[in-house]
Amino acid sequence: MGFSSATPAPRTFETDGPAQTEACAAELARLLEPGDVVLVSGELGAGKTTFVRGAARALGVTAPVTSPTFAIGNRYDGAGLGISHLDLYRLASLDAEEPDLLADYVGSDRVAFVEWPAQAESRLEGVRARVTLEHLGGDRRRIEIVFEPDAGAR
Ligand code: ADP
Ligand code: MG
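Residues numbered from 1 in each chain as written. Chains lettered and ligands numbered in written order. Predicted model: local features only at pLDDT ≥ 70, side-chain atom pairs only at ≥ 80, totals over all residues. Heavy atoms only, no water.

1. A closer look at the side chain of S84
Part 1 of the reasoning: Tracing the backbone through its elements, the reader meets S84 in strand β4 (residues 82-87).
Part 2 of the reasoning: With residues near it in sequence (within four places) discarded, S84 still touches N74, R75, Y105, R110, V111, A112 and F113. (Helix = DSSP H or I, 4+ residues; strand = E, 2+ residues; numbered from the N terminus. Contact = heavy atoms within 4.5 Å.)

Here you go:
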């Protein structure tokens, strides 16, 4: 896939189905370290959760990775690290919520993936990558990944 940690410029991929999107996510996952946060943006159905599923699999999660429904996020055990999957779609404003709402989901021992990150972005430390998915019609999707190799200096 030619995606390298030495490449801070945005990289763009096109996929033909969920399996390819998961594979693309697995490539990114190879570059992630505990403490990293990955923001995942795009319209409903663009494939955000599919992307997170692929990354989580690659990081050793064996449990089914599904959209968080009752809480703002799900927590999983990966291979030697924790994985969090947050979906902040219904979060109107983080200021109105408990200040440490995110604390259970981010930390130096886990990688966190955040769908609909806008409300929380200013509160999230350790953002290592920004992923944007876009519909191209049918099963095609465009995936842009901005990876910040130096974001881990914290
Ligand atoms: P989101 O979290 O952005 O709302 P989901 O990942 O939950 O999106 O859903 C994406 C839907 O689109 C799934 O039903 C998936 O099977 C389908 N799909 C079709 N083609 C692709 C693709 N290339 N990448 C990701 N998902 C795809
Ligand atoms: Mg989703």
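2. Things to note about the coordination of the magnesium ion (ligand 2)
Part 1 of the reasoning: The protein atoms donating to the magnesium ion (ligand 2) are T49 (OG1) and E115 (OE), with metal-donor distances spanning 2.2 to 2.3 Å. Taken together, the residues T49 in helix α2 (residues 48-58) and E115 in strand β5 (residues 110-115) connect sequence positions 66 residues apart.
Part 2 of the reasoning: Classification of T49 by relative accessible area gives buried; the value is 15%.
Part 3 of the reasoning: With relative accessibility at 3%, the residue E115 sits in the buried group. (Donors = N, O, S within 2.8 Å, 3.2 Å for Na, K, Ca; no water. Buried < 20%, exposed > 50% of the residue type's maximum accessible area, 1.4 Å probe, protein only.)

3. Here's the deal with the site of ligand 1
Part 1 of the reasoning: Taken together, 16 residues lie around ligand 1, and T21, G45, K48, T50 and D139 are the ones closest in.
Part 2 of the reasoning: Within the contact set of ligand 1, an oxygen atom lies 3.3 Å away from a side-chain nitrogen or oxygen of E115.
Part 3 of the reasoning: Computed on the free molecule, ligand 1 has an accessible area of 570 Å², of which 75% lies beneath the protein chains in the complex.
Part 4 of the reasoning: Looking at the shell around ligand 1, the elements with two or more residues in it are α1 (18-29) and α2.
Part 5 of the reasoning: Here the element with the most residues in the shell around ligand 1 is α2; it accounts for 3 residues.
Part 6 of the reasoning: Looking at the shell around ligand 1 residue by residue, the classes come out as 3 nonpolar, 7 polar and 6 charged. (Near = heavy atom within 4 Å. Polar contact = N/O pair within 3.5 Å; in protein donor to acceptor, adjacent residues only side chain to side chain. Areas by Shrake-Rupley, 256 points an atom, 1.4 Å probe, with all protein chains shown as cover. Nonpolar A, V, L, I, M, F, W, Y, C, P; charged D, E, K, R; others polar.)

4. Regarding the sheet that holds strand β1 (residues 11-15)
Part 1 of the reasoning: Pairing within the open sheet is mixed, and its 7 strands lie in the order β1-β7-β6-β2-β5-β4-β3. The strands lining the two open edges of the sheet, one partner per strand, are β1 and β3 (73-77). With direction set aside, neighbouring strand axes in the sheet form an average angle of 20°.
Part 2 of the reasoning: Sheet topology places β1 next to strand β7 (residues 141-147); 5 bridges connect them, and they run antiparallel. For E14, the partnering residue across the bridge sits in β7 and is R142.
Part 3 of the reasoning: Against the sheet, α1 makes contact with β1, β2 (37-41), β6 (127-135) and β7, and its axis sits at roughly 5° relative to β7, the strand it touches most.
Part 4 of the reasoning: Along the sheet face, α2 touches β2, β4, β5, β6 and β7 and points at about 170° away from the line of β5. (Pairing = 2+ DSSP bridges. Axes fitted to C-alpha atoms, helices over the stretch in contact; angles between N-to-C directions.)

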